[in-house]
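A closer look at the structure
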Amino acid sequence: MPETEPRTPDPQGQDLPRVTSSAIPDEQDPSGGAPRADRPDSDRLDSDRPDSDRSDSDSAVADGAAVAAHEERPAGPAHAGKSSRRAKRAKAREGRSPLFLWLKEVATVVVVAVVLSFLIKTFLFRAFYIPSESMVNTLDVNDRIFVNLLVPQPIALQRGDVVVFRDSQGWLAPAAPKTKGPFTWVQDGLTFVGLLPDNSEQHLVKRVIGLPGDHVVCCDAGGQLTLNGAPLDEKYINPAEIPQVRDFDVVVPAGKVWVMGDNRNHSADSRAHMDTNGGFVNESDIEGQAAVIAWPLNRISALDNYPGVFRSVPAPAGK
């Protein structure tokens, strides 16, 4: 039956609706038949009915339906169902502690840093430790340097470059076996990925004086080294001592270089190993060009190859 009964004029001239306490009928014929498709809009509980036409029972029923709908609605974002991925992720995050999330972020940062360091150490730069005084004052003992791995390929070597090379000619005494400690593997791992400098002491660092084809002679009447007949004013030599004259006259073969230390009186360089491979260093043994002093902090600087020293050197004979 309809929710409101026929209205009768109010004695005072006001027309107020009357309500009954009867139950709200289903959407079907009052006689118990099938649902009525042609039920008048005025008999439906739609939101477009004026507020003045709603009864207290209307509000009670609507409030109850809203509470029921709220209780049945799943947790999480309003637009996410129980089976949605976003709801599942939100539920999983709710069950994790802040410490777990923080540790996850730290682990991610560490992994990314290690991968980047390994890629840089493999293709761009590598750190080395300086154990000797052969390059004083350019490099001091215990300096840490970064070496540009793009030299000599694809970037060509230049005269004056400070290079690090492997000891494939036996210039160094064999390294004594190191005592293995409980955390030696940690140091080895950090060195491998590039987070620690290589301190294996099986590499050497010297300055390139002669390139393939160059004629290097020591010394002229003034005690200066000559390169292709031009005397060199070697500004990088340690000024604390006058270099001792050690005569040699060599032409650098293809694929090799002639190297010397800046601390001439304390450097076992090409001059001291002429009985092995003529004193030359194979270009294939060169790890790269020493580009930067990275440690200690008070010595951070870029390394110079002194192009002015070699500017007046003519091209080798036959080139």
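Everything below is about the structure printed above this text.
A brief structural summary. Note that the coordinates shown come from a computational prediction; the quantities given were computed from them, not determined experimentally. (Residues numbered from 1 in each chain as written. Predicted model: local features only at pLDDT ≥ 70, side-chain atom pairs only at ≥ 80, totals over all residues. Heavy atoms only, no water.)

**Things to note about a nonpolar patch on the surface**
Which entries qualify depends on this criterion: Candidate patch residues must exceed 30% relative accessible area and have no salt bridge, after which like charges are joined if within 9 Å and Val, Leu, Ile, Met, Phe, Trp or Tyr side chains if within 5 Å. For accessible areas, the Shrake-Rupley method is used with a probe of radius 1.4 Å. Any residue's cover is judged against the shown protein chains and nothing else. Each reported salt bridge corresponds to a side-chain nitrogen of Lys or Arg within 4 Å of a carboxyl oxygen of Asp or Glu. Each helix corresponds to a stretch of at least 4 residues labelled H or I by DSSP, and each strand to a stretch of at least 2 residues labelled E; elements are numbered beginning at the N terminus. Three labels apply to residues, based on accessible area from a 1.4 Å probe with only protein chains included: buried if under 20% of the type maximum, exposed if over 50%, partly exposed otherwise in between.
On the surface, a cluster of nonpolar side chains totalling about 870 Å² of accessible area is made up of Val111, Val112, Val115, Leu116, Leu119, Ile120, Phe123, Leu124, Phe125 and Phe146. Residue contributions to the nonpolar patch peak at 7 residues, all from helix α3 (residues 98-123). On the secondary structure map, valine 111 appears in helix α3. With relative accessibility at 51%, the residue valine 111 sits in the exposed group.

**Structural notes on the sheet that holds strand β5 (residues 215-218)**
Where we set the bar: Strands were regarded as paired on the criterion that DSSP finds at least two bridges between them.
Taken in spatial order, the 4 strands of this open sheet run β7-β6-β5-β8, and their pairing is antiparallel. Looking at the sheet topology across the chains shown, the edges are occupied by β7 (230-231) and β8 (248-251). With 4 bridges connecting them, β5 and β8 associate as antiparallel partners. Within the sheet, the bridge partner assigned to histidine 215 lies in β8 and is valine 251.

**Details of the environment of arginine 311**
Note that arginine 311 resides in the segment after β12 (301-302). Sequence-wise, arginine 311 and leucine 232 are 79 residues apart; in three dimensions their C-alpha atoms are separated by 9.7 Å.

**Thoughts on the packing of aromatic side chains**
Note the cut-off: Side-chain rings of Phe, Tyr and Trp, where Trp is taken by its six-membered ring, are said to pair if the distance between their centres is within 6.5 Å; with planes under 30 degrees apart they count as stacked, over 60 as edge-to-face, and otherwise as tilted.
Inspection of the entire model under this criterion finds 5 aromatic pairs. Considering the side-chain rings of tyrosine 236 and phenylalanine 310, the 6.4 Å spacing of their centres and the 10° angle between planes classify their relative orientation as stacked. Here the residue tyrosine 236 occupies a position in the loop between β7 and β8, and phenylalanine 310 occupies one in the segment after β12, the gap between them amounting to 74 residues. Neither tyrosine 236 nor phenylalanine 310 differs from the other in exposure class; each is buried. Each ring, one from tryptophan 258 and one from phenylalanine 280, has its centre 5.6 Å from the other, and the planes form 65°; the classification is edge-to-face. Taken together, the residues span a long stretch of sequence, with tryptophan 258 in strand β9 (residues 256-260) and phenylalanine 280 in the loop between β9 and β10 (281-282) at a distance of 22 residues. The pair formed by tryptophan 258 and phenylalanine 280 is uniform in burial state, with each residue classed as buried. Through successive ring pairs, a cluster of aromatic residues spans Tyr236, Tyr306 and Phe310.

**Describing the nonpolar core**
Test applied: Think of a nonpolar core as a cluster: buried Ala, Val, Leu, Ile, Met, Phe, Trp, Tyr and Cys residues, connected wherever their side-chain atoms sit within 4.5 Å. Note on contacts: a residue pair qualifies if any of its non-hydrogen atoms lie within 4.5 Å across the two residues.
Membership of the largest hydrophobic core comes to 17 residues, with the highest contact counts inside it found for Ile209, Val216, Leu225, Leu232, Phe248, Trp258 and Phe310. Going through the elements one at a time, β5, β8 and β9 are the ones with two or more residues in this core. Setting aside residues no more than four positions away along its own chain, phenylalanine 310 makes contact with Arg159, Gly160, Val208, Ile209, Leu227, Leu232, Tyr236 and Asn305.

**A word on the layout of surface pockets**
This is how it is decided: For each structure, a 1 Å grid was placed over the protein atoms alone; sets of points admitting a 1.4 Å probe that cannot get out are labelled cavities, open sets with protein on both sides within 12 Å along at least five of seven lines are labelled pockets, and lining residues have an atom within 4 Å of a point. Grid points are joined across faces, edges and corners, and a volume is the space filled by probe spheres set on the points. Only Asp, Glu, Lys and Arg are considered charged in this grouping, and only Ala, Val, Leu, Ile, Met, Phe, Trp, Tyr, Cys and Pro are considered nonpolar; every other residue, Gly among them, is considered polar.
Of the voids in this model, the second largest pocket is the one considered here, and its volume is about 250 Å³. Among the residues forming the lining of the second largest pocket, the class breakdown is 10 nonpolar, 3 polar and 5 charged.

**Some remarks on the state of the cysteines**
What counts is decided by this rule: Working definition: a disulfide is two cysteine sulfur atoms within 2.5 Å of each other.
Per the stated rule, a full pass over the model turns up 1 disulfide. Here cysteine 218 pairs with cysteine 219 through a disulfide, and the sulfurs are 1.9 Å apart. An S-S torsion of about -50° defines the bridge between cysteine 218 and cysteine 219 as left-handed. Look at cysteine 218 and you get buried, because its relative accessible area is 10%.

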